[in-house]
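Fold and contact review
Single-letter residue listing:
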Amino acid sequence: MKKKRLSRGAGAAIMAAVYLLVLVLGSAAITEYPLRKQRRALFRLADSYAGALAEPDAEIPYISPQIYLVRVGADGIFRCLREPAPGLVPCADAAMGGERAFRVSFGKAPEGQTFSMFAAAGVPLPDGGALLVVENVTLLPEVLTAFFCYFTVLYWLSLYFIVSSLRRRRRLDEARQTYIDNVTHALKTPVASIKALSETLCDGVESDPERQKQYCALILKEANRQDRMIRDVLALSRLQNHGTDFTRSAVDPAEVFPPLLEKYALLFDYSGIAFRAGAGLSALPTLWTNAECVRSILSVLLDNALKFVPEGGSVDLDAAVSGRSAVITVRDDGPGIAAEDLPHIFDRFFKCGGERGKSGSGLGLAIARENALGLRERIWAESEPGAGSAFHFTLRLR
């Protein structure tokens, strides 16, 4: 069953709702502790002055520009050294009613300053009045503003990385499913051929010994094709799951290239293709690489040339030193690769338009690329339709 996915608008609405919820809860959590601490401090201060200011004509002392005392008589008249902060009436009413009250209010300061925050603690007096300690809170708004800014940045950055991770995971899941589908399809064809040919032989439909021999040869051919496919899939799986040893060491070019040249010279000669090795190969200095991986890359490139270059064509293998690396090149005069296919030739199971009728797993160049990446080298191709192809890969020099 196909999973339902949220629309882009619904996802954005959910993310915005979570953002606002966490912002409100975070602001409340950040505000609670400093206000609790401030409440205790203001009540201590109010209690210390309550006895001294119990008389209506008691002189109200100056404390600081941020903290001041307000004496509220039983008649509700405010007495203080400066104009009382707005929003104190509810706190004064509660204190005159015999409660110890604490209130926080917002507004513009009496002196005409910018928008500010005030905290007031009120205690009742014996004469029915109340004493209020008022503090102009300057730190808390700054803390809330800083929290809002930092939280907003961190939230959206975290959200960006989470969404990117989910998208990457979805792409990997799709690639994995495509990979499984391709493997299944590639294995299905030879299995179907083997089954059909085997049923024909088992049912005795074909009695001609020569035709039976041909059927057996076809079965063997399809079995070998399936075997190559399975080995290629396992090899690519090991490469992509870091199951291959890419340890590099000093490698003498004479250990790698001459055995391959000898093997493929015979194969190309048998196929009627001219095979030439350039002088750059014999002039290469010591390499810093993995000999087995280099053999694998070269085998893939030469096998492809052997497969696609027609009889009478030519294949050249050469090398050139560029800086601290050697560039190995396999060049042929085959049919070439279309421009729209060139960016995809190293993808798994990809086959160019002219290759789809040919045998092969479509994994060879993907294996070559994984080997090159494991060695931290580059591999690329250049081609024009009708003008042949050139495959290059780099090898580090010691």
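About the thresholds
- Residues numbered from 1 in each chain as written.
- Predicted model: local features only at pLDDT ≥ 70, side-chain atom pairs only at ≥ 80, totals over all residues.
- Heavy atoms only, no water.
- Helix = DSSP H or I, 4+ residues; strand = E, 2+ residues; numbered from the N terminus.
- Buried < 20%, exposed > 50% of the residue type's maximum accessible area, 1.4 Å probe, protein only.
- Contact = heavy atoms within 4.5 Å.
- Areas by Shrake-Rupley, 256 points an atom, 1.4 Å probe, with all protein chains shown as cover.
- Expected span 1.5 Å × (residues − 1).
- Polar contact = N/O pair within 3.5 Å; in protein donor to acceptor, adjacent residues only side chain to side chain.
- Axes fitted to C-alpha atoms, helices over the stretch in contact; angles between N-to-C directions.
- Parallel < 35°, antiparallel > 145°, perpendicular 65-115°, else oblique.
- Left-handed = near helix turned anticlockwise from the far one by under 90°.
- Nonpolar A, V, L, I, M, F, W, Y, C, P; charged D, E, K, R; others polar.
- Patch = residues over 30% accessible without salt bridge, like charges linked within 9 Å, V, L, I, M, F, W, Y side chains within 5 Å.
- Salt bridge = Lys/Arg side-chain N within 4 Å of Asp/Glu carboxyl O.
- Lys, Arg positive; Asp, Glu negative; His and termini not counted.
- Charge placed at Lys NZ, Arg CZ, Asp CG, Glu CD.
- Core = buried A, V, L, I, M, F, W, Y, C linked by side-chain atoms within 4.5 Å.
- Pairing = 2+ DSSP bridges.
- Phe/Tyr/Trp six-rings, centres within 6.5 Å; stacked < 30°, edge-to-face > 60°.
- Lys NZ or Arg CZ within 6 Å of the ring centre and 35° of its normal.

Below, the discussion takes up the overall build of the protein chain. When its secondary structure is counted, the protein chain shows eight helices and twelve strands. Here the protein chain holds 398 residues, and 38% of them are scored as buried. Within the protein chain, counting contacts between residues at least 6 apart in sequence, those at least 24 apart form 63% of the total. As displayed, the protein chain offers around 23,700 Å² of accessible surface, 57% of which is attributable to carbon and sulfur atoms.

The next subject is helix α7 (residues 291-308). The end-to-end C-alpha distance of α7 is 26 Å, a good match for the 26 Å that 18 residues give at a rise of 1.5 Å each. Within the sequence span of α7, burial applies to A291, C293, V294, I297, L298, S299, V300, L301, L302, N304, A305 and F308. The backbone nitrogen of E292 has a side-chain oxygen 3.1 Å away, supplied by the residue at the start of α7, namely N290.

Moving on to the environment of L317. The residue L317 is located in strand β9 (residues 314-322) in this model. Considered as a pair, L317 and L302 are 15 residues apart in the sequence and their alpha carbons are 8.9 Å apart. Setting aside its immediate chain neighbours within four residues, L317 contacts L261, F275, R276, A277, G278, L281, L298, I328, T329 and V330.

Following both chains from N to C, one finds α7 and helix α8 (residues 364-374) inclined at 155°, their axes separated by 9 Å at the closest point. In terms of orientation, α7 lies roughly antiparallel with respect to α8. Relative to α8, α7 is oriented so that their crossing is left-handed. Residues C293, S296, I297, V300, L301 and N304 of α7 form the contact with α8, whose own contacting residues are G364, L365, I367, A368, N371 and A372. Looking at the contact of α7 with α8 residue by residue, the class counts come to eight nonpolar, four polar and no charged.

Relative to the elements of secondary structure, R71 occurs in strand β1 (residues 67-72). Within polar-contact distance, the side chain of R71 engages the backbone oxygen of L53 at 2.9 Å. Beyond its immediate stretch of four places on either side in the chain, R71 contacts L53, A54, E55, P56, I60, I77, F78, R79, L125, D127 and A130.

Taken together, the side chains of R167, R168, R170 and R171 make up a positively charged region of the molecular surface. Assignment of secondary structure puts R170 in helix α3 (residues 139-202). Using a relative accessible area of 38% as the deciding quantity, one classes R170 as partly exposed.

Next up on the list: the nonpolar core. In this structure, L298, V315 and I328 are the most contacted members of the largest nonpolar core, which totals 39 residues. Those elements giving two or more residues to this core turn out to be α5 (253-270), α7, β9, β10 (325-332), α8, β11 (379-383) and β12 (389-396). Examining the composition of this core, we find that eight residues originate from one element, α7, more than from any other. Sequence-distant contacts of V315, defined by excluding residues within four places in its chain, comprise F268, I273, A274, F275, R276, L302, A305, V309, V330, R331 and D332. Core analysis: the second largest hydrophobic core is formed by 19 residues, A50, M117, A121 and V137 among them.

Let us look at the pairing of β1. Taking burial as the measure, the six residues of β1 include six buried ones, the bulk of the element. Across six bridges, β1 lies against strand β5 (residues 130-137) in antiparallel orientation. Note that in β5 the partner of V72 across the bridge is A130. With three bridges connecting them, β1 and strand β2 (residues 78-80) associate as antiparallel partners. In the sheet register, V70 faces β2, and the bridge partner there is C80. With antiparallel pairing between neighbouring strands as the criterion, β1 and β2 make up a hairpin whose turn holds five residues, including G76 at a positive phi of roughly 85°.

A separate point is the pattern of salt bridges. Taken as a whole, this structure holds six salt bridges when the rule is applied. In this structure, D127 engages R71 in a salt bridge whose closest nitrogen and oxygen atoms are separated by 2.7 Å. Highlighted residues: D127 in the loop between β4 (115-124) and β5 and R71 in strand β1, separated in sequence by 56 residues. Relative accessible area serves as the criterion here: at 33%, D127 is assigned to the partly exposed category. Between R369 and D347 there is a salt bridge whose closest N-O contact spans 3.9 Å. Here R369, found in helix α8, pairs with D347, found in the loop between β10 and α8; they are 22 residues apart in sequence, far enough to count as distant.

With that settled, consider the sheet that holds β11. Strand pairing in a sheet is mediated by backbone hydrogen bonds. Such pairs are either parallel or antiparallel. Taken in spatial order, the five strands make up an open sheet running β7-β9-β10-β12-β11, and their pairing is mixed. Among the strands making up the open sheet, the edge pair consists of β7 (274-277) and β11. Looking at each pair of strands side by side, their axes are set apart by 20° on average, direction ignored. Both β11 and β12 contribute to a ladder of five bridges, which runs antiparallel. Across the sheet, the residue bridging to S383 is S389, located in β12. Sitting on the sheet, α5 is in contact with β7, β9 and β10, with an inclination near 165° to β7. Sitting on the sheet, α7 touches β7, β9, β10, β11 and β12, and the angle it makes with β12 is about 175°.

Another point: the packing of aromatic side chains. Working definition: an aromatic ring pair is given by the centre-to-centre distance plus the angle between the planes. One pass over the structure, following the stated rule, counts three aromatic pairs. Arranged with centres 6.3 Å apart and planes meeting at 40°, the rings of Y264 and F268 form a pair that is tilted. Residue Y264 and its partner F268 are both found in helix α5; the two are separated by four residues, about one turn of the helix. Of the two residues, Y264 and F268, neither departs from the other in class, the shared state being buried. Here F346 and F391 contribute two aromatic rings whose centre-to-centre distance is 6.4 Å and whose plane-to-plane angle is 80°, an arrangement assigned as edge-to-face. Separated by 45 residues along the polypeptide, F346 in the loop between β10 and α8 and F391 in strand β12 bring together distant segments of the chain. Since its relative accessible area comes to 10%, F346 is described here as buried. What links up through ring pairs into an aromatic cluster is the set Y264, F268 and F275. Between the NZ or CZ atom of R378 and the centre of the ring of W380, over which it lies, the distance is 4.2 Å.

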